[in-house]
Structure formats: structure tokens, C-alpha cells
Amino acid sequence: MTLLRAALGWNFVLVTALCASLLAQFIKVLLNLFIFHRFIAERVWGAGGMPSSHSATVCAMVVATGRFCGTGSPQFALAAVLSIIVMYDAMGVRYETGEQAKLLNRMFTEWMDQSRTELPFLGGKKLKEMVGHTPIEVLTGAALGVALGFAMPMV
């Protein structure tokens, strides 16, 4: 706890945001252990999944900035606008990218089954499908970030 207080004294907003990101990633690992009964290393650092670590990070940053600088400060306004952009992107563009990757991977698999001898250098390649978030994943990440932003002790 002393190390956390020292880090928060160094940069309250940054440390709060980083803690939210780490906590969200840790929760993803635990959920995957619980649901799939195995450790999935990519969940430690990977994008996508429940809860959104991007949303948790930016929402913790907004709350910490509001607590540290005040909600009328330019810093709070910048943090709030940035968080809206990040969460919109996670639900919109990145989610749709993942949906397109799923479709392309299915098409590619069928195509490779038919043409394996003609293009062997393309075998086994797949696009990453889990890059975005559903609205509930973003909302859960945001709630986690807000809660952590208020829970962190001011020093």
C-alpha cells in the first residue's frame, strides 16, 4: 500500500488510469479461466473481451482528473473528450473490424480448402477477430474505471 501511495503522489491521474487498465486485463484473465477452464495468455495484453480495458482506463483517467484538477478544468475537458472517442471507437470501428475479420477468416478457410495445392504459402494465416467491444463490454469497463477512479486514495 505504501508503494501505491508513493506512486499516486507522483502522478495521481496516470497511476489511477494504469491501475484500471491492469485490473481490467486481470479480470479478463480470470473470466477466461472461469469460463474456458484454461489460461489464455493473449488475454493478459490483448484487446477485446470483457471488460473493456480501454474504457476502464479512460474512465478512471476522467474521474481522477476531475478529482485532482476539478471538473471545470481544461484537463478534465480533454480527458472527457478523449474517453468518448476511445469508447466510441472500441464499440464502433474496432468492433466492426473484428466482425469483418470473422467473415474473412471463414471465407479464407473455405477458399484454402479448395486451393491448398495452388497457394501453400497462405496456409494457416488468420486475421485477429477479437479487436473491439460490444456495448456491454464497454459499459462494464467504464463502470470499473469510474469505480476505481473514485476508490483511489488522494495523496
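Quick caveat: nothing in here was measured; it's all calculated off a predicted structure.

1. Let's talk about the UniProt feature "transmembrane region" (unreviewed entry) in the protein
1) Next: If you check UniProt for "transmembrane region" (unreviewed entry), the listed places come out as residues 12-35 in our numbering.
2) Next: Spanning residues 12-35, this segment combines 100% helix with 0% strand, and its end C-alpha atoms are found 34 Å apart.

2. Considerations on the nonpolar core
1) Next: F12, M61 and M87 are the most contacted members of the largest nonpolar core, which has 22 residues in total.
2) Next: Those elements that provide at least two residues to this core are α2 (12-36), α4 (53-69), α5 (74-91) and α7 (135-151).
3) Next: Examining the composition of this core, we find that seven residues originate from one element, α4, more than from any other.
4) Next: Dropping the residues within four chain positions of it, M61 is found in contact with V13, A17, A79 and L82.

3. Digging into α7
1) Next: With 17 residues, α7 extends 24 Å between its outermost C-alpha atoms, agreeing within 8% with the 24 Å of an ideal straight helix rising 1.5 Å per residue.
2) Next: Listing the buried residues of α7 in full gives E137, V138, G141, A142, L144, G145, L148 and G149. Angular distribution of buried residues about the axis of α7 spans 160 degrees; they occupy a single face of the element. Turned more than 90 degrees away from the buried face of α7, the exposed residues are P135, I136, L139, F150 and A151.
3) Next: Here the buried face of α7 lies against α2, α4 and α5.

4. Digging into the packing of α4 against α7
Two numbers describe a pair of packed helices, the interaxial angle and the distance between the axes.
1) Next: At a minimum axis distance of 7 Å, the contact between α4 and α7 shows a crossing angle of 30 degrees. In this structure, α4 crosses over α7, and the sense of that crossing is right-handed. Two secondary-structure elements touch here, α4 through S55, A56, C59, A60, V63 and R67 and α7 through V138, G141, A142, L144, G145, V146, G149, F150 and A151.
2) Next: Of the residues that constitute the contact of α4 with α7, the class distribution is 10 nonpolar, four polar and one charged.

What counts as what
- Residues numbered from 1 in each chain as written.
- Predicted model: local features only at pLDDT ≥ 70, side-chain atom pairs only at ≥ 80, totals over all residues.
- Heavy atoms only, no water.
- UniProt positions renumbered as here; feature names shortened; annotations may be inferred.
- Helix = DSSP H or I, 4+ residues; strand = E, 2+ residues; numbered from the N terminus.
- Core = buried A, V, L, I, M, F, W, Y, C linked by side-chain atoms within 4.5 Å.
- Buried < 20%, exposed > 50% of the residue type's maximum accessible area, 1.4 Å probe, protein only.
- Contact = heavy atoms within 4.5 Å.
- Expected span 1.5 Å × (residues − 1).
- Arc of directions from axis to C-beta.
- Axes fitted to C-alpha atoms, helices over the stretch in contact; angles between N-to-C directions.
- Left-handed = near helix turned anticlockwise from the far one by under 90°.
- Nonpolar A, V, L, I, M, F, W, Y, C, P; charged D, E, K, R; others polar.

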